[in-house]
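Tertiary structure, described
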Amino acid sequence: MIKKIQIKTEEENGIIVLAVLAMTCMIAKILQIYYLPAKYTYDGRRILSQALSGYRSGDLGYDTTENFFAVLIKWLHVEEYEQWAILLGFVGSVLALQYIKKYLRELYLTNAVFIMCSLMLLNIYVFNVSKEFLQMIMFFPAIYSLNRRNEKGQLGGMLLSLLLVGIFLRRYFFLIMIIFLVIYFLLRNMERLEGDKLAVFLIGLALTGVLGLTLLQRYLPEIYENITGARYFINQFRMESPDASTMIVDMIKNSSSPLVYIGNLGINFVRLCFPIELLSKGFMQVIFVIYQLILSVKAIKSFIQCIKGKFLEGEKNRTIAISFLFAYLIVSAVFEPDFGSFTRHEIVFFPIFCVGMMRGYEGAKSMVGESEMA
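Residues numbered from 1 in each chain as written. Predicted model: local features only at pLDDT ≥ 70, side-chain atom pairs only at ≥ 80, totals over all residues. Heavy atoms only, no water.

Our next topic: the packing of helix H6 (residues 109–126) against helix H15 (residues 286–307). A pair of packed helices can be characterised by two numbers: the angle between their axes and the separation between those axes. The interhelical angle for the contact between H6 and H15, taken along N-to-C directions, is 130 degrees, at an axis separation of 9 Å. Judged by the inter-axis angle, H6 sits oblique to H15. Handedness of the crossing formed by H6 with H15: left-handed. Across the interface between the two elements, Thr110, Asn111, Val113, Phe114, Cys117, Ser118, Met120 and Leu121 of H6 pack against Ile287, Ile290, Tyr291, Ile294, Leu295 and Lys298 of H15. When the residues that make up the contact of H6 with H15 are grouped by side-chain class, the tally is 10 nonpolar, three polar and one charged. (Axes fitted to C-alpha atoms, helices over the stretch in contact; angles between N-to-C directions. Helix = DSSP H or I, 4+ residues; strand = E, 2+ residues; numbered from the N terminus. Parallel < 35°, antiparallel > 145°, perpendicular 65-115°, else oblique. Left-handed = near helix turned anticlockwise from the far one by under 90°. Contact = heavy atoms within 4.5 Å. Nonpolar A, V, L, I, M, F, W, Y, C, P; charged D, E, K, R; others polar.)

Encoded structure:
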(Lines give C-alpha, C1' and ligand atoms only; values in the text may rest on other atoms or scores of the structure.)
Protein backbone atom coordinates (compact mmCIF):
# COMPACT_ATOMS: atom_id res chain seq x y z
CA MET A 1 0.00 0.00 0.00
CA ILE A 2 1.26 3.51 -0.81
CA LYS A 3 1.94 5.43 2.39
CA LYS A 4 0.11 8.73 2.73
CA ILE A 5 2.34 11.77 3.17
CA GLN A 6 0.99 13.97 5.96
CA ILE A 7 1.80 17.68 6.19
CA LYS A 8 2.24 18.99 9.72
CA THR A 9 -0.08 21.94 10.24
CA GLU A 10 0.32 22.65 13.94
CA GLU A 11 1.34 26.08 15.26
CA GLU A 12 3.70 27.93 12.88
CA ASN A 13 3.32 25.31 10.16
CA GLY A 14 -0.41 26.00 10.00
CA ILE A 15 0.23 29.69 9.40
CA ILE A 16 2.72 28.82 6.65
CA VAL A 17 0.20 26.53 4.94
CA LEU A 18 -2.46 29.26 5.00
CA ALA A 19 0.06 31.78 3.68
CA VAL A 20 0.98 29.47 0.78
CA LEU A 21 -2.68 28.96 -0.07
CA ALA A 22 -3.33 32.72 0.09
CA MET A 23 -0.37 33.30 -2.24
CA THR A 24 -1.82 30.67 -4.60
CA CYS A 25 -5.06 32.69 -4.76
CA MET A 26 -3.15 35.91 -5.52
CA ILE A 27 -1.08 34.32 -8.29
CA ALA A 28 -4.19 32.81 -9.90
CA LYS A 29 -6.00 36.16 -9.84
CA ILE A 30 -3.02 37.96 -11.42
CA LEU A 31 -2.86 35.30 -14.13
CA GLN A 32 -6.59 35.56 -14.78
CA ILE A 33 -6.66 39.35 -15.12
CA TYR A 34 -3.39 40.06 -16.91
CA TYR A 35 -1.98 36.97 -18.59
CA LEU A 36 -4.60 34.40 -19.58
CA PRO A 37 -6.26 34.63 -23.05
CA ALA A 38 -9.34 36.81 -23.55
CA LYS A 39 -11.66 33.77 -23.52
CA TYR A 40 -11.19 33.59 -19.73
CA THR A 41 -12.79 37.03 -19.27
CA TYR A 42 -15.15 37.19 -22.25
CA ASP A 43 -18.28 36.06 -20.38
CA GLY A 44 -17.59 38.33 -17.43
CA ARG A 45 -17.04 41.40 -19.58
CA ARG A 46 -20.25 40.64 -21.49
CA ILE A 47 -22.24 40.29 -18.27
CA LEU A 48 -20.81 43.51 -16.84
CA SER A 49 -21.42 45.45 -20.05
CA GLN A 50 -25.05 44.35 -20.26
CA ALA A 51 -25.59 44.92 -16.53
CA LEU A 52 -24.46 48.52 -17.02
CA SER A 53 -26.36 49.11 -20.27
CA GLY A 54 -29.63 47.48 -19.22
CA TYR A 55 -29.70 45.29 -22.34
CA ARG A 56 -30.96 41.72 -21.81
CA SER A 57 -30.54 38.95 -24.40
CA GLY A 58 -33.37 36.70 -23.22
CA ASP A 59 -30.99 33.97 -22.04
CA LEU A 60 -32.08 32.88 -18.54
CA GLY A 61 -28.60 32.50 -17.05
CA TYR A 62 -27.18 35.73 -18.48
CA ASP A 63 -30.28 37.80 -17.66
CA THR A 64 -30.42 36.63 -14.04
CA THR A 65 -26.71 37.25 -13.52
CA GLU A 66 -26.85 40.66 -15.19
CA ASN A 67 -29.77 41.70 -12.98
CA PHE A 68 -27.85 40.51 -9.90
CA PHE A 69 -24.73 42.48 -10.78
CA ALA A 70 -26.78 45.53 -11.81
CA VAL A 71 -28.04 45.70 -8.21
CA LEU A 72 -24.52 45.27 -6.81
CA ILE A 73 -23.21 48.03 -9.10
CA LYS A 74 -25.83 50.45 -7.76
CA TRP A 75 -24.84 49.60 -4.19
CA LEU A 76 -21.07 49.52 -4.55
CA HIS A 77 -20.50 51.87 -7.53
CA VAL A 78 -17.90 49.52 -9.02
CA GLU A 79 -18.03 49.48 -12.83
CA GLU A 80 -14.67 48.14 -14.05
CA TYR A 81 -14.19 44.43 -14.71
CA GLU A 82 -10.71 44.34 -13.15
CA GLN A 83 -12.02 46.01 -9.97
CA TRP A 84 -14.76 43.39 -9.68
CA ALA A 85 -12.27 40.57 -10.32
CA ILE A 86 -10.00 41.81 -7.51
CA LEU A 87 -12.88 42.49 -5.10
CA LEU A 88 -14.61 39.14 -5.64
CA GLY A 89 -11.26 37.34 -5.70
CA PHE A 90 -10.38 38.80 -2.30
CA VAL A 91 -13.78 38.14 -0.69
CA GLY A 92 -14.12 34.68 -2.26
CA SER A 93 -10.59 33.61 -1.31
CA VAL A 94 -10.99 34.75 2.31
CA LEU A 95 -14.25 32.81 2.64
CA ALA A 96 -12.76 29.74 0.91
CA LEU A 97 -9.72 29.74 3.20
CA GLN A 98 -11.96 30.09 6.25
CA TYR A 99 -14.13 27.21 5.01
CA ILE A 100 -11.25 24.77 4.47
CA LYS A 101 -9.50 25.44 7.81
CA LYS A 102 -11.08 22.35 9.38
CA TYR A 103 -9.64 20.22 6.55
CA LEU A 104 -6.15 21.62 7.16
CA ARG A 105 -5.82 20.28 10.70
CA GLU A 106 -5.07 16.79 9.35
CA LEU A 107 -3.69 17.48 5.89
CA TYR A 108 -2.22 14.95 3.47
CA LEU A 109 -0.21 15.81 0.37
CA THR A 110 -2.89 14.81 -2.15
CA ASN A 111 -5.47 16.93 -0.32
CA ALA A 112 -3.04 19.85 -0.23
CA VAL A 113 -2.44 19.65 -4.00
CA PHE A 114 -6.18 19.31 -4.62
CA ILE A 115 -6.94 22.38 -2.47
CA MET A 116 -4.24 24.46 -4.19
CA CYS A 117 -5.49 23.55 -7.67
CA SER A 118 -9.07 24.24 -6.59
CA LEU A 119 -8.22 27.69 -5.21
CA MET A 120 -6.47 28.56 -8.46
CA LEU A 121 -9.43 27.43 -10.55
CA LEU A 122 -11.90 29.25 -8.28
CA ASN A 123 -10.03 32.51 -8.79
CA ILE A 124 -9.80 31.98 -12.54
CA TYR A 125 -13.38 30.87 -13.18
CA VAL A 126 -15.69 31.71 -10.26
CA PHE A 127 -14.52 34.70 -8.19
CA ASN A 128 -15.30 37.14 -10.99
CA VAL A 129 -18.29 38.69 -12.68
CA SER A 130 -19.76 35.35 -13.73
CA LYS A 131 -22.77 33.08 -13.67
CA GLU A 132 -20.68 30.68 -11.60
CA PHE A 133 -20.29 33.24 -8.78
CA LEU A 134 -24.07 33.63 -8.54
CA GLN A 135 -24.49 29.86 -8.73
CA MET A 136 -22.18 29.40 -5.76
CA ILE A 137 -24.34 31.85 -3.79
CA MET A 138 -27.44 29.85 -4.73
CA PHE A 139 -25.71 26.73 -3.39
CA PHE A 140 -25.24 28.30 0.03
CA PRO A 141 -28.24 26.35 1.49
CA ALA A 142 -26.59 23.07 0.41
CA ILE A 143 -23.13 24.08 1.65
CA TYR A 144 -24.50 25.31 4.99
CA SER A 145 -26.78 22.32 5.62
CA LEU A 146 -24.15 19.73 4.67
CA ASN A 147 -21.98 21.08 7.48
CA ARG A 148 -24.76 20.46 10.02
CA ARG A 149 -25.90 17.20 11.65
CA ASN A 150 -29.54 16.96 10.53
CA GLU A 151 -29.78 14.54 7.58
CA LYS A 152 -33.25 15.73 6.52
CA GLY A 153 -32.01 19.31 6.66
CA GLN A 154 -28.97 18.33 4.56
CA LEU A 155 -31.17 16.74 1.91
CA GLY A 156 -33.56 19.70 2.00
CA GLY A 157 -30.71 22.19 1.61
CA MET A 158 -29.36 20.32 -1.41
CA LEU A 159 -32.78 20.14 -3.09
CA LEU A 160 -33.42 23.85 -2.40
CA SER A 161 -30.12 24.81 -4.04
CA LEU A 162 -30.82 22.61 -7.06
CA LEU A 163 -34.26 24.19 -7.41
CA LEU A 164 -32.87 27.74 -7.16
CA VAL A 165 -30.29 27.13 -9.89
CA GLY A 166 -32.83 25.27 -12.05
CA ILE A 167 -35.41 28.06 -11.79
CA PHE A 168 -33.16 31.11 -12.10
CA LEU A 169 -29.96 30.04 -13.86
CA ARG A 170 -29.69 26.66 -15.61
CA ARG A 171 -32.69 24.48 -16.44
CA TYR A 172 -30.70 21.25 -16.68
CA PHE A 173 -30.27 21.31 -12.90
CA PHE A 174 -33.77 19.83 -12.71
CA LEU A 175 -32.32 16.77 -14.47
CA ILE A 176 -29.40 16.75 -12.03
CA MET A 177 -31.92 16.82 -9.17
CA ILE A 178 -33.77 13.77 -10.53
CA ILE A 179 -30.57 11.76 -11.04
CA PHE A 180 -29.29 12.88 -7.63
CA LEU A 181 -32.42 11.51 -5.95
CA VAL A 182 -32.12 8.20 -7.84
CA ILE A 183 -28.45 7.78 -6.82
CA TYR A 184 -29.14 8.86 -3.24
CA PHE A 185 -32.04 6.39 -2.96
CA LEU A 186 -29.90 3.56 -4.33
CA LEU A 187 -26.96 4.35 -2.02
CA ARG A 188 -29.16 4.63 1.08
CA ASN A 189 -30.64 1.20 0.36
CA MET A 190 -27.37 -0.61 -0.42
CA GLU A 191 -26.91 -1.67 3.21
CA ARG A 192 -29.97 -3.91 2.93
CA LEU A 193 -28.52 -5.91 0.05
CA GLU A 194 -26.23 -8.93 0.06
CA GLY A 195 -23.56 -9.85 -2.50
CA ASP A 196 -21.71 -7.51 -4.85
CA LYS A 197 -23.29 -4.16 -3.99
CA LEU A 198 -21.23 -2.18 -6.50
CA ALA A 199 -22.40 -4.37 -9.40
CA VAL A 200 -26.01 -4.12 -8.22
CA PHE A 201 -25.77 -0.33 -8.02
CA LEU A 202 -24.17 0.09 -11.46
CA ILE A 203 -26.61 -2.31 -13.14
CA GLY A 204 -29.55 -0.63 -11.43
CA LEU A 205 -28.38 2.83 -12.49
CA ALA A 206 -27.73 1.72 -16.10
CA LEU A 207 -31.13 0.00 -16.38
CA THR A 208 -32.83 3.10 -14.98
CA GLY A 209 -31.05 5.24 -17.59
CA VAL A 210 -31.89 2.96 -20.53
CA LEU A 211 -35.51 2.65 -19.40
CA GLY A 212 -35.85 6.40 -18.96
CA LEU A 213 -34.36 7.17 -22.39
CA THR A 214 -36.49 4.52 -24.09
CA LEU A 215 -39.67 5.97 -22.57
CA LEU A 216 -38.62 9.48 -23.59
CA GLN A 217 -37.87 8.35 -27.15
CA ARG A 218 -41.29 6.72 -27.43
CA TYR A 219 -43.57 9.20 -25.66
CA LEU A 220 -41.63 12.51 -25.67
CA PRO A 221 -39.44 12.33 -28.78
CA GLU A 222 -38.75 16.07 -28.89
CA ILE A 223 -37.28 16.08 -25.38
CA TYR A 224 -35.31 12.92 -26.24
CA GLU A 225 -33.80 14.63 -29.31
CA ASN A 226 -32.94 17.73 -27.26
CA ILE A 227 -31.10 15.63 -24.67
CA THR A 228 -29.25 13.25 -26.99
CA GLY A 229 -28.34 16.02 -29.46
CA ALA A 230 -27.45 18.69 -26.89
CA ARG A 231 -23.66 18.57 -27.33
CA TYR A 232 -23.82 18.36 -31.13
CA PHE A 233 -26.16 21.36 -31.35
CA ILE A 234 -23.72 23.44 -29.26
CA ASN A 235 -20.54 22.30 -30.98
CA GLN A 236 -21.61 22.25 -34.63
CA PHE A 237 -20.73 25.93 -35.11
CA ARG A 238 -17.51 25.79 -33.06
CA MET A 239 -15.52 23.19 -34.99
CA GLU A 240 -12.90 25.62 -36.29
CA SER A 241 -12.82 27.94 -33.28
CA PRO A 242 -9.42 28.22 -31.53
CA ASP A 243 -11.32 28.65 -28.25
CA ALA A 244 -12.80 25.15 -28.62
CA SER A 245 -9.56 23.18 -28.63
CA THR A 246 -10.79 20.92 -25.82
CA MET A 247 -14.13 20.14 -27.47
CA ILE A 248 -15.75 16.82 -26.51
CA VAL A 249 -16.76 14.75 -29.53
CA ASP A 250 -18.61 11.43 -29.20
CA MET A 251 -16.41 8.45 -30.05
CA ILE A 252 -19.28 6.24 -31.25
CA LYS A 253 -21.10 7.56 -34.29
CA ASN A 254 -24.30 9.26 -33.23
CA SER A 255 -27.54 7.35 -33.79
CA SER A 256 -31.07 7.38 -32.43
CA SER A 257 -30.48 4.23 -30.36
CA PRO A 258 -30.66 4.70 -26.55
CA LEU A 259 -28.02 1.96 -26.18
CA VAL A 260 -25.54 3.82 -28.44
CA TYR A 261 -26.24 6.99 -26.52
CA ILE A 262 -25.65 5.24 -23.18
CA GLY A 263 -22.38 3.89 -24.61
CA ASN A 264 -21.21 7.38 -25.58
CA LEU A 265 -22.38 8.67 -22.21
CA GLY A 266 -20.28 6.08 -20.39
CA ILE A 267 -17.20 6.83 -22.50
CA ASN A 268 -17.55 10.60 -22.02
CA PHE A 269 -18.07 10.09 -18.28
CA VAL A 270 -14.71 8.29 -18.08
CA ARG A 271 -13.05 10.95 -20.28
CA LEU A 272 -14.28 13.72 -17.98
CA CYS A 273 -13.11 11.89 -14.86
CA PHE A 274 -9.69 10.97 -16.28
CA PRO A 275 -8.83 13.69 -18.86
CA ILE A 276 -5.36 12.43 -19.76
CA GLU A 277 -5.97 13.47 -23.38
CA LEU A 278 -5.68 17.13 -22.33
CA LEU A 279 -1.96 16.79 -21.64
CA SER A 280 -1.42 17.11 -25.40
CA LYS A 281 -3.27 20.47 -25.43
CA GLY A 282 -0.60 22.52 -23.67
CA PHE A 283 0.88 23.35 -20.28
CA MET A 284 -2.17 25.34 -19.08
CA GLN A 285 -4.18 22.11 -19.00
CA VAL A 286 -1.87 20.50 -16.42
CA ILE A 287 -3.56 22.19 -13.43
CA PHE A 288 -6.96 20.93 -14.53
CA VAL A 289 -5.69 17.39 -15.23
CA ILE A 290 -4.07 17.13 -11.76
CA TYR A 291 -7.16 18.59 -10.08
CA GLN A 292 -9.55 16.28 -11.94
CA LEU A 293 -7.49 13.12 -11.43
CA ILE A 294 -7.28 13.69 -7.66
CA LEU A 295 -10.98 14.58 -7.52
CA SER A 296 -12.03 11.50 -9.50
CA VAL A 297 -9.86 9.03 -7.56
CA LYS A 298 -11.06 10.42 -4.22
CA ALA A 299 -14.68 10.47 -5.41
CA ILE A 300 -14.55 6.85 -6.56
CA LYS A 301 -12.88 5.80 -3.30
CA SER A 302 -15.54 7.62 -1.25
CA PHE A 303 -18.27 6.16 -3.47
CA ILE A 304 -17.06 2.60 -2.84
CA GLN A 305 -16.77 3.31 0.90
CA CYS A 306 -20.36 4.54 0.85
CA ILE A 307 -21.66 1.44 -0.96
CA LYS A 308 -19.82 -0.83 1.48
CA GLY A 309 -21.25 1.07 4.45
CA LYS A 310 -17.89 2.36 5.69
CA PHE A 311 -19.02 5.92 6.37
CA LEU A 312 -19.32 6.75 10.06
CA GLU A 313 -22.73 7.34 11.63
CA GLY A 314 -22.19 11.12 11.65
CA GLU A 315 -21.12 11.19 7.99
CA LYS A 316 -24.48 10.86 6.24
CA ASN A 317 -23.71 14.23 4.67
CA ARG A 318 -20.97 12.53 2.67
CA THR A 319 -23.57 10.26 1.04
CA ILE A 320 -25.51 13.33 -0.11
CA ALA A 321 -22.35 15.02 -1.39
CA ILE A 322 -21.21 11.93 -3.29
CA SER A 323 -24.69 11.40 -4.76
CA PHE A 324 -24.68 14.98 -6.02
CA LEU A 325 -21.16 14.70 -7.44
CA PHE A 326 -21.97 11.64 -9.53
CA ALA A 327 -25.32 13.06 -10.65
CA TYR A 328 -23.49 16.19 -11.77
CA LEU A 329 -20.81 14.18 -13.61
CA ILE A 330 -23.44 12.11 -15.44
CA VAL A 331 -25.30 15.22 -16.63
CA SER A 332 -21.99 16.85 -17.58
CA ALA A 333 -21.30 13.85 -19.81
CA VAL A 334 -24.61 14.67 -21.50
CA PHE A 335 -24.35 18.42 -21.96
CA GLU A 336 -20.81 19.80 -21.54
CA PRO A 337 -19.44 20.87 -24.95
CA ASP A 338 -15.75 20.97 -23.92
CA PHE A 339 -13.42 20.32 -21.01
CA GLY A 340 -12.95 24.04 -20.29
CA SER A 341 -16.68 24.58 -19.76
CA PHE A 342 -16.81 21.43 -17.63
CA THR A 343 -14.04 22.73 -15.35
CA ARG A 344 -15.62 26.17 -15.01
CA HIS A 345 -18.98 24.68 -14.02
CA GLU A 346 -17.60 21.92 -11.80
CA ILE A 347 -15.26 23.98 -9.61
CA VAL A 348 -18.27 25.88 -8.21
CA PHE A 349 -18.99 22.82 -6.08
CA PHE A 350 -15.58 22.69 -4.38
CA PRO A 351 -17.15 23.14 -0.88
CA ILE A 352 -19.43 20.15 -1.51
CA PHE A 353 -16.54 18.03 -2.83
CA CYS A 354 -14.68 18.75 0.42
CA VAL A 355 -17.60 17.31 2.39
CA GLY A 356 -17.80 14.21 0.21
CA MET A 357 -14.13 13.34 -0.08
CA MET A 358 -12.17 14.86 2.80
CA ARG A 359 -12.88 14.13 6.43
CA GLY A 360 -12.78 17.19 8.63
CA TYR A 361 -10.82 17.11 11.85
CA GLU A 362 -13.83 15.96 13.90
CA GLY A 363 -14.55 13.12 11.45
CA ALA A 364 -10.92 12.02 11.58
CA LYS A 365 -10.98 11.99 15.39
CA SER A 366 -14.18 9.90 15.35
CA MET A 367 -12.58 7.42 12.99
CA VAL A 368 -9.51 7.11 15.25
CA GLY A 369 -11.75 6.68 18.27
CA GLU A 370 -13.70 3.85 16.64
CA SER A 371 -10.52 2.05 15.58
CA GLU A 372 -9.17 2.29 19.14
CA MET A 373 -12.35 0.81 20.60
CA ALA A 374 -12.36 -2.06 18.07
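After that view, the rundown keeps rolling.
The end-to-end C-alpha distance of helix H10 (residues 173–188) is 22 Å, a good match for the 22 Å that 16 residues give at a rise of 1.5 Å each. Within the sequence span of H10, burial applies to Phe173, Ile176, Met177, Ile179, Phe180, Ile183, Tyr184, Leu186 and Leu187. If you follow the buried residues of H10, they end up packed against helix H7 (131–138), helix H9 (151–168), helix H11 (197–219), H15 and helix H16 (316–335). (Expected span 1.5 Å × (residues − 1). Buried < 20%, exposed > 50% of the residue type's maximum accessible area, 1.4 Å probe, protein only.)

On to the environment of methionine 158, then. Within the element layout of this structure, methionine 158 appears in helix H9. Between the alpha carbons of methionine 158 and phenylalanine 139 there is a distance of 7.6 Å; along the sequence they are 19 residues apart. Apart from the residues within four sequence positions on either side, methionine 158 is in contact with Phe139, Ala142, Ser145, Leu146, Phe180, Ile320, Phe324 and Ile352.

A word on the layout of surface pockets. In this structure, the second largest pocket occupies an estimated 930 Å³ of space. As for the second largest pocket, its lining consists of 28 residues, of which Ile179, Leu205, Gly209, Leu265 and Ile330 are closest to the centre. Of all the secondary-structure elements, those providing two or more residues to the lining of the second largest pocket are H10, H11, helix H12 (221–228), helix H14 (258–273), H15 and H16. Per-element accounting of the lining of the second largest pocket gives the leading share, 10 residues, to H11. Looking at side-chain class alone, the lining of the second largest pocket contains 24 nonpolar, four polar and no charged residues. (1 Å grid on protein atoms, 1.4 Å probe; cavity = no way out; pocket = protein on both sides within 12 Å on 5 of 7 lines; lining within 4 Å. Points joined across faces, edges and corners; volume = space filled by probe spheres on them.)

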